[in-house]
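Structure at a glance
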Amino acid sequence: MGDGGALQGVQVLDLSGEFGQFCGRLMGDHGADVIKVEPPEGDAVRRLGPFYEDVEDVDRSLYWHAMNTSKRSVTLNLETDKGRALLHRLLATTDIVVESYHPGTLARWGLDFDTLHAQYPSLIMASITPFGQTGPYRDYRATEMETLALGGFMSVCGDPDRPPTRVGQPQATVFSSINAYTGAMLAYYHRLRGGQGQHIDASMQEGATNIHYAQLIWNAYGMVAPRMGTTLMFGAGTAIPISYACKDGHVQAIPALSWETFIPWIDEHGMAGDLMSEEWQERLENLVTDWTQEHVDYAHDIVAKFVAGFTKKELYEAAIQRRQMLYPVQTVQDAREDRQLLDRQYFVDVDVPALGRALTYPGAPYRMSATPWRIDRPAPKLGEHNAAIYGDMLGLSEADLASLRQEGVIS
């Protein structure tokens, strides 16, 4: 349990699979005691790569380690009567349950919110599923990609002349976990004020629908937002490039918003061409009304040739001096060396005994002055805390644990 975290003293049971891992991590990193309840063979996320040193093992999945810091792990077979009875003993002191089972699964085991609420009125349950607990899609199964597609997020990703594309890293999974976390915290606050427990129903499809601007475009213009790729819509239907290749990667820039200083910068290196001419200077003053796509493409080619001669760092430092909207597209390595992030000591190293080394993690999602965030412990090994939780907390003997292992209730 975190020392001084905002959620210190809050007990959480994390029954979630892939969809809800991040929700429990947020709670644990803020001081809650999060007990990750896994089937005896381990959570399926443990089998997702990449694996440390490419060795496939339930304790070496780096995705597992990324999503499960500050948790304790117990194994428990909820398909057995004894497993469910043991869970009820944990529920007696639990504040929040996080789960991502297919709708109806917990009901078959008598562990759904309505059933548990009758027995534990103060219990809060956060459910994270592809489509939510109700509606015609309730029983459909889906992955991250399907919910991004059905949420409209994919429709705005990619180039306008190519099919929609997926996003390389989880979006709906993480965003719906954040939604569930927010809902659980509001429900906990409501309970502190005298209310009872609540059920938080977080839909990944709804989360994906909420993280893009296409709804605003539809409301404003009654049109489907186009895919813009590496361009920005500008003026009367013209598309301005905003991504430029340089010596060691790419930069994002919008020269058109400050041509009066960007063109002289190019001219200092003798590369501005006729952009310095009177004709072009007059055209630049009427950027929105006088520019055609041909004008945009011509200016873009000049900027692209100029940018190609420098590194990201050289361009960024010069852009700061000239107050230009130009930023490097940083890789993970670049971010690890970024002076702003280093100055704020954003990245944290966490010793991971299971791997025999430390892993570097992104730091606090926000800074709290009195109850700081911290990663209290690395992601747990499978069943690492069985003895501590079943033995010390619930009072089971070694003989009890051995019998449960033999019966397949725990591992």
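Values in this document were obtained by computation on a predicted structure and should not be read as measured data.

Here we look at the overall build of the chain
When helices and strands are tallied, the chain shows 18 helices and 13 strands. Its C-alpha atoms give the chain principal-axis dimensions of roughly 90 × 50 × 40 Å. Relative to its 411 residues, the chain shows a buried fraction of 47%. Of the contacts made within the chain by residues no fewer than 6 positions apart, 68% connect residues no fewer than 24 positions apart. Summed over all atoms, the accessible surface of the chain reaches about 20900 Å², with 51% contributed by carbon and sulfur. The distance from the centre of the 34 positive side-chain charges to the centre of the 53 negative ones in the chain is 6 Å.

Brief notes about the sheet that holds strand 2 (residues 33–38)
Reading across from one edge, 3-2-1-4-5-6 is the order of the six strands in this open sheet, with parallel pairing throughout. The two strands at the open ends of the sheet, each matched to only one other strand, are strand 3 (71–75) and strand 6 (199–203). Geometrically, the sheet is characterised by an average inter-axis angle of 20 degrees between neighbouring strands, direction not taken into account. Two elements, strand 2 and strand 3, share five bridges in a ladder whose sense is parallel. The residue of strand 3 that forms the bridge with Val-37 is Val-74.

Quick word on a nonpolar patch on the surface
Side chains of Tyr-137, Tyr-140 and Leu-150 sit close together on the surface and give an oily, nonpolar patch of about 300 Å² of accessible area. Classification of Leu-150 as partly exposed rests on a relative accessible area of 44%.

Observations regarding helix 1 (residues 21–29)
Since the α-helix advances by 3.6 residues per turn, residues separated by three or four positions end up pointing in the same direction. Burial of helix 1 is extensive: nine of the nine residues sit out of reach of the surface. Restricting attention to buried positions, one finds in helix 1 the residues Gln-21, Phe-22, Cys-23, Gly-24, Arg-25, Leu-26, Met-27, Gly-28 and Asp-29. A positive phi of about 105 degrees marks Gly-31, the residue just after helix 1.

Quick notes on the sheet that holds strand 10 (residues 249–253)
If you walk across this open sheet you meet the three strands as 9-10-11, and the pairing is antiparallel. Both edges of this open sheet fall to strand 9 (243–246) and strand 11 (326–328), since each of them pairs with a single strand only. The mean angle between the axes of side-by-side strands here comes to 30 degrees, regardless of whether they run parallel or antiparallel. The sheet contact formed by strand 9 and strand 10 spans four bridges and is antiparallel. By the bridge assignment, Ser-243 is partnered in strand 10 with Gln-252.

Notes on the packing of aromatic side chains
Scanning the model with the defined rule gives twelve aromatic pairs in all. Judged by centre distance (5.4 Å) and plane angle (80 degrees), the rings of Tyr-101 and Trp-109 are edge-to-face. For Tyr-101, a relative accessible area of 25% translates into the label partly exposed. The buried category is assigned to Trp-109, whose relative accessible area is 18%. Considering the side-chain rings of Trp-265 and Phe-306, the 5.3 Å spacing of their centres and the 80 degrees angle between planes classify their relative orientation as edge-to-face. Here Trp-265 is found in helix 10 (residues 259–267), whereas its partner Phe-306 is found in helix 13 (residues 293–307), with 41 residues between them in sequence. Taking relative accessible area as the criterion, Trp-265 reaches 3% and is therefore assigned buried.

Topic: the domain arrangement of the chain
Along its sequence, the chain is carved into domain 1 (11–213 + 347–407) and domain 2 (231–329). On a C-alpha basis, the centres of domain 1 and domain 2 stand 46 Å from each other.

Considerations on the pairing of strand 13 (residues 357–361)
Pairing of strand 12 (residues 348–352) with strand 13, which is carried by five bridges, proceeds in the antiparallel orientation. Paired with Asp-351 across the bridge in strand 13 is Ala-358. Hairpin connection of strand 12 to strand 13: four residues between the antiparallel strands, including Gly-356 at a positive phi of 70 degrees.

Quick notes on the side chain of Ser-70
Tracing the sequence through the fold places Ser-70 in the loop between helix 2 (62–67) and strand 3. A residue is classified by how much of its surface remains accessible, and Ser-70, at 1% relative accessible area, is buried. At 2.6 Å, the side chain of Ser-70 and the side chain of Asp-29 are in polar contact.

Here we look at the pattern of salt bridges
All chains considered together, the criterion is met by 15 salt bridges. Ionic pairing is found between Asp-33 and Arg-72, a salt bridge with its closest N-O pair at 2.8 Å. Of this pair, Asp-33 sits in strand 2 while Arg-72 sits in strand 3; the two residues are 39 residues apart in sequence, bridging distant segments of the chain. Each member of the pair, Asp-33 as well as Arg-72, is classed as buried. Taken together, the shared-partner salt bridges connect Glu-38, Arg-46 and Asp-59 into one network.

Basis of the calculations
Residues numbered from 1 in each chain as written. Predicted model: local features only at pLDDT ≥ 70, side-chain atom pairs only at ≥ 80, totals over all residues. Heavy atoms only, no water. Helix = DSSP H or I, 4+ residues; strand = E, 2+ residues; numbered from the N terminus. Buried < 20%, exposed > 50% of the residue type's maximum accessible area, 1.4 Å probe, protein only. Contact = heavy atoms within 4.5 Å. Areas by Shrake-Rupley, 256 points an atom, 1.4 Å probe, with all protein chains shown as cover. Lys, Arg positive; Asp, Glu negative; His and termini not counted. Charge placed at Lys NZ, Arg CZ, Asp CG, Glu CD. Pairing = 2+ DSSP bridges. Axes fitted to C-alpha atoms, helices over the stretch in contact; angles between N-to-C directions. Patch = residues over 30% accessible without salt bridge, like charges linked within 9 Å, V, L, I, M, F, W, Y side chains within 5 Å. Salt bridge = Lys/Arg side-chain N within 4 Å of Asp/Glu carboxyl O. Phe/Tyr/Trp six-rings, centres within 6.5 Å; stacked < 30°, edge-to-face > 60°. Domains from an automatic or database assignment. Polar contact = N/O pair within 3.5 Å; in protein donor to acceptor, adjacent residues only side chain to side chain.

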